[in-house]
Amino acid sequence: MRVHGDKRIQRRTGVLQLNNYKDAKPMLQEDFDNMCGYCGKNSTIMNERFHIDHFVPKSFDSDRENDYYNLVLACPKCNLTKSNKWPTKDKTVANDGRIGFVDPATEEYDIHMERDEQGYIRGITPLGENVCKNLNFDVRRTDLYWKIQCLYQLQAELEKFRDKLDNEELRFYVVSNQFLKKYIKEAFVQGE
Ligand SMILES: [Zn+2]
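Keep in mind that what you see is a predicted model, and the values were worked out from it rather than measured. (Residues numbered from 1 in each chain as written. Predicted model: local features only at pLDDT ≥ 70, side-chain atom pairs only at ≥ 80, totals over all residues. Heavy atoms only, no water.)

(A) Inspection of the side chain of D143 at higher detail. Looking at the secondary structure, you find D143 in helix α6 (residues 142-161). Among residues more than four places away in sequence, those in contact with D143 are Q118, G119 and Y120. (Helix = DSSP H or I, 4+ residues; strand = E, 2+ residues; numbered from the N terminus. Contact = heavy atoms within 4.5 Å.)

Given below as structure tokens:
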């Protein structure tokens, strides 16, 4: 499965140099469909205030601070974990094929990363493994937030049929609702 499920992240074309990168938040939220580019967490479901990550860190390339095409909508955990890391040490090289980062708003991300059946994000190439390591995906509960999102979608689908449900189906609805609340509680108690 793809890290972002069936959603595709793509930055709109034709955005000129910004006065301040912070102005790009609404555009990023739209283009990233409210998802963290790196881990796929949804900001609206988790009710979390997301950050704006500079793909090439400002410390490596201050010229791209206000370049829309260098911005990534990111959850606080991914943004703070990535921080000033830039393994290639060359601002023009995101990765050398083995180490570095991959822009999550490109199809290249799917070549190196995937989400396994449990919902965990895994590298499927040496570079993908390096990205996972740099974002601490190897020790983070990247599955938990994904499961919660899947349950939310299921709930939304079920909600449409609620009036038509018989007793057994209604019981299924209630049980899934309980699971949802359990996972959300787990997510907030354990955090990331
Ligand atoms: Zn994230």
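Next comes the rest of the description.
(B) The arrangement of the coordination of the zinc ion in detail. Only C36 (SG), C39 (SG), C75 (SG) and C78 (SG) from the protein reach the zinc ion as donors, at distances of 2.3 to 2.4 Å. In terms of primary sequence, the donors binding the zinc ion are separated according to C-x2-C-x35-C-x2-C. Separated by 39 residues along the polypeptide, C36 in the loop between α1 (25-31) and α2 (43-46) and C75 in the loop between β2 (71-74) and α3 (76-82) bring together distant segments of the chain. In this structure, C36 and C75 share a single accessibility class: buried. (Donors = N, O, S within 2.8 Å, 3.2 Å for Na, K, Ca; no water. Buried < 20%, exposed > 50% of the residue type's maximum accessible area, 1.4 Å probe, protein only.)

(C) Broad picture of helix α5 (residues 126-134). Among all positions in α5, only L127, G128, N130, V131, C132 and N134 are buried. At its buried positions, α5 is contacted by α3, α4 (108-112), β3 (113-115) and β4 (121-123). N136 sits one or two positions beyond α5 and adopts a positive phi of about 60°.

(D) Examining the packing of aromatic side chains more closely. Within this structure, the stated rule accounts for 3 aromatic pairs. Ring centres of F55 and W86 lie 5.4 Å apart, and the angle between their planes is 90°; this geometry places the pair in the edge-to-face category. Of this pair, F55 sits in the loop between β1 (51-54) and β2 while W86 is found in the loop between α3 and α4, placing the two residues 31 residues apart along the sequence. For F55, a relative accessible area of 7% translates into the label buried. Measuring from ring centre to ring centre gives 5.6 Å for Y68 and Y69, while their planes differ by 85°; the resulting arrangement is edge-to-face. Given a relative accessible area of 29%, Y69 falls into the partly exposed group. The lysine or arginine in question, K82, covers the ring of F101, its NZ or CZ lying 5.3 Å from the ring centre. (Phe/Tyr/Trp six-rings, centres within 6.5 Å; stacked < 30°, edge-to-face > 60°. Lys NZ or Arg CZ within 6 Å of the ring centre and 35° of its normal.)

(E) Representation of unusual backbone geometry. Even without being a glycine, S83 presents a positive backbone phi close to 45°. Residue position: S83 is located in the loop between α3 and α4. Residue classification places S83 among the partly exposed positions, given a relative accessible area of 40%. Its identity is not glycine, yet N136 carries a phi of approximately 60°, on the positive side. With respect to the element layout, N136 can be found in the loop between α5 and α6. Since its relative accessible area comes to 30%, N136 is described here as partly exposed.

Shape descriptors only; they carry no functional weight alone.
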